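A closer look at the structure
Okay, here's what each chain looks like letter by letter:
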Amino acid sequence: MSQFNVLNRYLFSDAHARGELVQLDSSFKSIIKNHNYPVGVEKLLGELLCATCLLTATLKFEGDITVQLQGDGPVGYMSVSGNNKQQMRGIAKMAEETSADTLQTLIGKGTMIITIRPTAGEAYQGVVALDEETLADCLAHYFDVSEQIPTKIWLFCDTEQQLAAGALVQLLPDGDGSIENKEQQLTDFEHLCQLTNTIKSEEVFSLEAEALLFRLYHQEKVNIFDPQTVSYLCGCSADKCLSAISQIEPSEIKAILAEQGKISMTCDYCITTYDFDELSLKSFISKVNH
């Protein structure tokens, strides 16, 4: 399945609209590996991963993005972080075990928080209530409210095969403000949404992007750009752990070592454990004598 772990962008030449298609396998598998999430949680996390990929590609910025879901349901917190290179990681934190399988029953009453930290410029945060039935509808609502651009999103996740996918159709920002032109653009947009709405999950998980796009839009003029690879990148390291340990009082480091023989830190995302013994923390402990 070499067609997976890529994001494809395309323009509809005659319809003043653009689209995106993301199909993921190993990048999604790496995120859920070692976590034993319930099926419903795994499915929502797969959808959130694809939604973040689509969002990152749509907003066109250089830097980092985090999309968080927070609520009072069994899953109190779910987050996917990435960057403009489509390097992604994600996590879900459960307040209790659950067999729930919808956005509303998993997150409960909650919000979606989108945080963008550009390499240059000010950070931006958008907050959207999770009032819609699906994550795709919540994200479309975000575009309607904050960007005021008609957008439709489709999200898919197959937990048995551990595959996730998503598609987006968006009206391009308008250059000509005439009413007739706007009405035509909206008609074209609705037409493209109706075509995209015929995507079946078995197609999005089996067809290569070009074959799927031809099946959907063979009567349209579609200009497909070079695909962008989506990969898993946790970002944890021994150095980052040592940096965190350096913030602890030397006397406390010494006390932990005396009791446990080492300091262990486990990454929430990839479950990698980093162990540090007295020798590796020597420079931190020596501060206690000064």
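Nothing here was measured: the structure is a model prediction, and the numbers come from that model. (Residues numbered from 1 in each chain as written. Predicted model: local features only at pLDDT ≥ 70, side-chain atom pairs only at ≥ 80, totals over all residues. Heavy atoms only, no water.)

1. Quick look at the overall build of the protein chain
- Of regular secondary structure, the protein chain possesses 10 helices and 14 strands.
- Seen through its C-alpha atoms, the protein chain measures out along the principal axes to roughly 80 × 40 × 40 Å.
- Within the protein chain, the fraction of its 290 residues that count as buried is 47%.
- Excluding contacts between residues fewer than 6 apart, the proportion of contacts in the protein chain whose partners are at least 24 apart in sequence is 62%.
- Per element, the accessible surface of the protein chain, about 14,600 Å² overall, is 48% carbon and sulfur. (Helix = DSSP H or I, 4+ residues; strand = E, 2+ residues; numbered from the N terminus. Buried < 20%, exposed > 50% of the residue type's maximum accessible area, 1.4 Å probe, protein only. Contact = heavy atoms within 4.5 Å. Areas by Shrake-Rupley, 256 points an atom, 1.4 Å probe, with all protein chains shown as cover.)

2. As for the sheet that holds strand 4 (residues 75-83)
- Across the sheet, which stays open at both edges, the 6 strands sit in the order 7-6-3-4-5-12 with mixed pairing between neighbours. The sheet is open, and its two edges are formed by strand 7 (124-129) and strand 12 (231-232), each paired on a single side.
- Strand direction decides the pairing type here: strand 5 (residues 87-94) and strand 12, joined by 2 bridges, are parallel. Bridge assignment links Met88 to a residue of strand 12, and that residue is Tyr232.
- Contacts from helix 2 (residues 39-59) reach strand 3 (63-71), strand 4, strand 5 and strand 6 (110-118) within the one sheet, and its direction differs from that of strand 4 by about 35°. (Pairing = 2+ DSSP bridges. Axes fitted to C-alpha atoms, helices over the stretch in contact; angles between N-to-C directions.)

3. So, the pairing of strand 13 (residues 263-266)
- Note that strand 13 and strand 14 (residues 273-276) share 4 bridges and pair antiparallel. Paired with Met265 across the bridge in strand 14 is Tyr274.
- Between the end of strand 13 and the start of strand 14, which pair antiparallel, lie 6 residues, with Ile271 showing a positive phi angle near 65°.

4. Re the nonpolar core
- Counting residues in hydrophobic clusters, the biggest one holds 53 residues, and the most contacted among them are Leu69, Met78, Met112 and Ile114.
- Broken down by element, this core gets its largest block of residues, 11 residues, from helix 2.
- Those residues in contact with Leu69 that lie beyond four places of it in its chain are Leu44, Leu48, Gly76, Tyr77, Met78, Leu103, Ile107, Thr111, Met112, Leu130 and Leu135.
- With 24 residues, the next largest nonpolar core counts Phe4, Ala15, Leu212 and Leu216 among its residues. (Core = buried A, V, L, I, M, F, W, Y, C linked by side-chain atoms within 4.5 Å.)

5. A short note on the state of the cysteines
- What the rule picks out here adds up to 0 disulfides.
- As a non-bridged cysteine, Cys138 has Cys50 as the owner of its nearest cysteine sulfur, 16 Å distant.
- The thiol of Cys267 is not disulfide-bonded; the next cysteine sulfur, from Cys234, is found 3.4 Å away.
- Here Cys267 falls in the buried class, since its relative accessible area comes to 11%. (Disulfide = S-S within 2.5 Å.)

6. Some thoughts on the pattern of salt bridges
- Counted by the stated rule, this structure contains 4 salt bridges.
- The salt bridge involving Glu47 is made with Lys43; its shortest N-O contact spans 3.0 Å. In this pair, Glu47 and Lys43 are both assigned in helix 2, 4 residues apart and thus about one turn of the helix distant.
- Relative accessible area serves as the criterion here: at 11%, Glu47 is assigned to the buried category.
- A salt bridge links Glu203 to Arg215; the shortest N-O distance between them is 2.7 Å. Taken together, the residues span a long stretch of sequence, with Glu203 in helix 6 (residues 201-204) and Arg215 in helix 7 (residues 209-217) at a distance of 12 residues. (Salt bridge = Lys/Arg side-chain N within 4 Å of Asp/Glu carboxyl O.)

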